[in-house]
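Examining the three-dimensional arrangement
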Amino acid sequence: MTDATQPASRGPMLAADGTPLKKSLSRALRMQKMRALALIAPLLLFVLITFIAPIADMLFRSVENQIVSNTMPRTARLLADWDGQGVPDEPVFEAAYYDLFLAAERKEHTRLGSRLNYEQTGASSLFRKSGRGLEDMGELYQDQFTDLNGDWDEPEPWAEIFGDPDWLAEQAAWDGEGRMPRFQLREGAETLLPRSAEHYAAFARFTQTEDGDSPLEEEPWSAVHTALYQDLAAADLSGYDGPRAEMLAAADALVDSPEFSRLPFTDGFAEIDEAWVQPQIWQTLKLYSPDYTPGYFLNAMDMQLTPEGMEKRPENERIYMLLFGRTLFMSLAITFSCVLLAYPVAYLLSNLPSRSANLLMILVLLPFWTSLLVRTSAWKIMLQQQGVINDTLVWLGLVGDDARLAMINNQLGTIIAMTHILLPFMILPMYSVMSTIPPSYVRAAKSLGATNWTTFWRVYFPQSVPGIGAGSILVFILSIGYYITPEIVGGTTGTFISNRIAYHISTSLNWGLAAALGAILLAVVLVLYWAYDRIVGIDNVKLG
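Conventions we followed
Residues numbered from 1 in each chain as written. Predicted model: local features only at pLDDT ≥ 70, side-chain atom pairs only at ≥ 80, totals over all residues. Heavy atoms only, no water. Helix = DSSP H or I, 4+ residues; strand = E, 2+ residues; numbered from the N terminus. Rg over C-alpha atoms; globule rule 2.2 N^0.38 Å. Buried < 20%, exposed > 50% of the residue type's maximum accessible area, 1.4 Å probe, protein only. Contact = heavy atoms within 4.5 Å. Lys, Arg positive; Asp, Glu negative; His and termini not counted. Charge placed at Lys NZ, Arg CZ, Asp CG, Glu CD. 1 Å grid on protein atoms, 1.4 Å probe; cavity = no way out; pocket = protein on both sides within 12 Å on 5 of 7 lines; lining within 4 Å. Points joined across faces, edges and corners; volume = space filled by probe spheres on them. Nonpolar A, V, L, I, M, F, W, Y, C, P; charged D, E, K, R; others polar. Salt bridge = Lys/Arg side-chain N within 4 Å of Asp/Glu carboxyl O. Axes fitted to C-alpha atoms, helices over the stretch in contact; angles between N-to-C directions. Parallel < 35°, antiparallel > 145°, perpendicular 65-115°, else oblique. Core = buried A, V, L, I, M, F, W, Y, C linked by side-chain atoms within 4.5 Å. Pairing = 2+ DSSP bridges. Phe/Tyr/Trp six-rings, centres within 6.5 Å; stacked < 30°, edge-to-face > 60°. pLDDT = per-residue confidence, 0-100. Arc of directions from axis to C-beta. Polar contact = N/O pair within 3.5 Å; in protein donor to acceptor, adjacent residues only side chain to side chain. Expected span 1.5 Å × (residues − 1). Bend = angle between axes of the 7 residues up to and from the residue.

Now for the overall build of the chain. Within the chain, the secondary structure is distributed over 26 helices and 2 strands. For 544 residues, the compact-globule estimate of 2.2 N^0.38 gives 24 Å, and the C-alpha radius of gyration of the chain, at 37 Å, exceeds that figure by more than 25%. Its C-alpha atoms give the chain principal-axis dimensions of about 115 × 110 × 50 Å. Taken over 544 residues, the chain has a buried fraction of 40%. Across the chain, every contact between residues at least 6 apart in sequence was considered, and the portion connecting residues at least 24 apart equals 69%. Taking the 39 positively charged and 60 negatively charged side chains of the chain as two groups, their mean positions are separated by 26 Å.

In structure tokens form, the structure reads like this:
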């Protein structure tokens, strides 16, 4: 009997369905984890979309700077090799001409000017003015070619010279229905006339995709005529026998003649604006040509990026460090004020009978049922020099009518209004902790001879500290990011860094600087949170 049962006892334990027990338990545990993950998946997705993704996007925007290299790619490549001294050579001006011309056609040059205007005052108007002036530079060559042969002002010769024959046939047959045939360069055009081929192809594809028109019906940009002049001045067309060979030969002879007018790109830019022949704008372009830049963070710390490296901004331009310091100071003042006002209320709530405590709790929660904007506007009315508070003080004789207190449009007004708005967020955590303190502890201390003060300070207060910590963290984090109340009652001296962030997002549209300021503010909060955890211990914070 023993021999017969021994093999069975050595085998794996089986579940009711005959599978090994270990495998069955693993499968059950795996299914349990999958069900738990499915339950929290919507919350994780919500947090990822509404919290993690915006923070990641903010951090990316604070260093992203691709607008310069995307808008002026040729110029950015050439400026990378420029030493930053004096004015760049003619090839840089040539690259800037073609880059800005295409950007102006796409209406992107003003965006680039606005971006550079954050770093150099006047860049926005310079780029806007240049977008209009570049057309005049190209018209110098366009008019001379047109005077030679009027066909140069027509679209067909250009399409025949640079367009692939198959594309020409498909484009000519296109009746406006369906997808327009994509422009294709004629074989050998890039070798014979490289600049003209490149810029005519850019014109043709822009006309097709952006304007929705046929290159066979639109005359090329004046920049294409400029490129043709450059190619004819450098190329040998004696062996060319392709489309419009006679027109090209005549134009080649015209370019070689002494009567042909030429305008160096440097002189053309100087005619548009003298700022182009000054080194400052080119140095700014070079500094902000990389795809990623520390410039936004430097500006957020009252510094700037210069050809010599990182430097502090002039004294009269340093505002952000002042705003960060003011924000931290006023947030701490608001938190401290809330602690002083909330502690007696929470103590009273936790020690009153339930009926009275519930009634008082309704009064605490009542501000939540009123709009934040209404509450802030009410404080603006009450705190002004002709407001309710000053009128009451004058009526009581505490202040003279000619010496009314200035409590609005300053730091005091912001602290008073925000203390009132954030006070419930301090009362509730304190009350939830105080309500769990057994009254028997106080009675025991008094029965042992302790005074009321000793009982409170040695027995009751230490047990309420976790509520103070929870409320302080909540109020401080809320106040450090507030901007509506400081905007309404703070004036010029009572605003926070968050007001500047809102300004750059909605008014100046400098989203990169706003993102950098937000990232620094986030880092400050995390550092303070870490310091609080090291000193007090986050495990000691309780909500009840």
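Turning our attention to unusual backbone geometry. In this structure, lysine 107 is a non-glycine residue whose phi angle is positive, near 60°. The class of lysine 107 is exposed, set by a relative accessible area of 59%. Phi is positive for leucine 509, which is not a glycine, with a value near 60°. Inspection of the secondary structure puts leucine 509 in the loop between α25 (497–506) and α26 (511–535).

Gaps between atoms show up when a probe of the same size as a water molecule is rolled over them. Tallied over the entire structure, the rule returns 1 cavity of 30 Å³ or more. Of the pockets and cavities examined, the largest cavity occupies roughly 40 Å³. Lining of the largest cavity is provided by Tyr97, Met137, Tyr141, Thr226, Leu263 and Phe265. When grouped by side-chain class, the residues that make up the lining of the largest cavity number 5 nonpolar, 1 polar and no charged.

Moving on, we come to the pattern of salt bridges. For the structure on display, the rule yields 13 salt bridges. Between arginine 195 and glutamate 94 there is a salt bridge, and its shortest N-O distance comes to 3.0 Å. Within this pair, whereas arginine 195 is found in helix α11 (residues 194–211), its partner glutamate 94 is found in helix α5 (residues 90–105), the two being separated by 101 residues in sequence. For glutamate 94, a relative accessible area of 17% puts it in the buried group. Arginine 404 serves as the salt-bridge partner of aspartate 391, at 2.7 Å between the closest nitrogen and oxygen. Linking aspartate 391 in helix α20 (residues 388–396) with arginine 404 in the loop between α20 and α21 (411–434), this pair joins segments that are 13 residues apart in sequence.

Right, let's talk about the packing of α5 against helix α14 (residues 265–272) for a bit. With their axes 8 Å apart at the nearest point, α5 and α14 run at an angle of 60° to one another. Between α5 and α14, the crossing angle belongs to the class labelled oblique. Taken together, the residues of α14 that come into contact with α5 (itself represented by Glu90, Phe93, Glu94, Ala96, Tyr97, Tyr98 and Leu100) are Phe265, Thr266 and Phe269. Of the residues contributing to the contact of α5 with α14, the split by class is 7 nonpolar, 1 polar and 2 charged.

Bringing the nonpolar core into the picture now. Membership of the largest hydrophobic core comes to 63 residues, with the highest contact counts inside it found for Phe145, Trp276 and Trp282. Among the elements that make up this core, the one with the highest residue count is α5 (8 residues). Sequence-distant contacts of tryptophan 282, defined by excluding residues within four places in its chain, comprise Thr75, Leu79, Trp82, Val87, Pro88, Val92, Phe93, Ala96 and Trp276. One finds Ala333, Leu349, Ile421 and Leu423 within the second-largest nonpolar core, a separate group that totals 27 residues.

A few words now on the pairing of strand β1 (residues 303–306). Regular strands show a simple pattern: their side chains alternate between the two faces of the sheet. Of the pairings in the sheet, the one linking β1 to strand β2 (residues 309–312) comprises 4 bridges and is antiparallel in character. Bridge assignment links leucine 305 to a residue of β2, and that residue is methionine 310. With antiparallel pairing between neighbouring strands as the criterion, β1 and β2 make up a hairpin whose turn holds 2 residues.

Counted by the stated rule, this structure contains 35 aromatic pairs. When the centroid spacing of 5.9 Å and the interplanar angle of 50° are considered together, the rings of phenylalanine 101 and tryptophan 221 count as tilted. Of this pair, phenylalanine 101 sits in helix α5 while tryptophan 221 sits in the loop between α11 and α12 (222–234), and the two are 120 residues apart along the sequence. The same class applies to phenylalanine 101 as to tryptophan 221, namely buried. Their ring planes at 65° and their centres at 5.5 Å tell us that phenylalanine 127 and tryptophan 276 sit as a pair that is edge-to-face. Here phenylalanine 127, found in helix α7 (residues 123–148), pairs with tryptophan 276, found in the loop between α14 and α15 (279–287); they are 149 residues apart in sequence, far enough to count as distant. Residue class for phenylalanine 127 comes out buried when judged on its relative accessible area of 1%.

When its volume is computed, the largest pocket comes out at roughly 700 Å³. Lining the largest pocket are 26 residues, and of these Asn117, Tyr118, Glu119, Gln120 and Arg313 sit closest to its centre. When residues of the lining of the largest pocket are traced back to their parent elements, those giving at least two are α15, β1 and α25. Looking at the lining of the largest pocket element by element, the count peaks at 4 residues for α15. Along the lines of polarity and charge, the residues of the lining of the largest pocket split into 10 nonpolar, 12 polar and 4 charged.

Turning next to the confidence of the model for the chain. On average, the chain scores 88 in pLDDT, and the residues at 70 or more come to 95%. Below pLDDT 50 for its whole length, residues 1–8 participates in 0 contacts with residues either more than four positions away or in separate chains.

Counting through the fold element by element, tyrosine 503 comes out in helix α25. Given a relative accessible area of 34%, tyrosine 503 falls into the partly exposed group.

In this section: helix α6 (residues 109–117). Those residues of α6 that sit buried are His109, Leu112, Gly113, Arg115 and Leu116. The buried residues of α6 occupy an angular sector of 160° when the element is viewed end-on, so they sit on one face. Next to the buried residues of α6 lie α3 (66–71), α5, α7, α15 and α16 (295–300).

To continue, consider the side chain of threonine 293. By the secondary structure assignment, threonine 293 is in the loop between α15 and α16. Threonine 293 sits in the buried class, given a relative accessible area of 4%. Among the polar contacts listed, one links the side chain of threonine 293 to the backbone nitrogen of glycine 295, at a separation of 3.0 Å.

With that out of the way, let us pick up helix α17 (residues 320–351). An ideal rise of 1.5 Å per residue puts 46 Å on 32 residues; α17 measures up with 46 Å between its terminal C-alpha atoms. Most pronounced at alanine 342, the bend in α17 amounts to some 30°, and the proline proline 344 follows within four residues.

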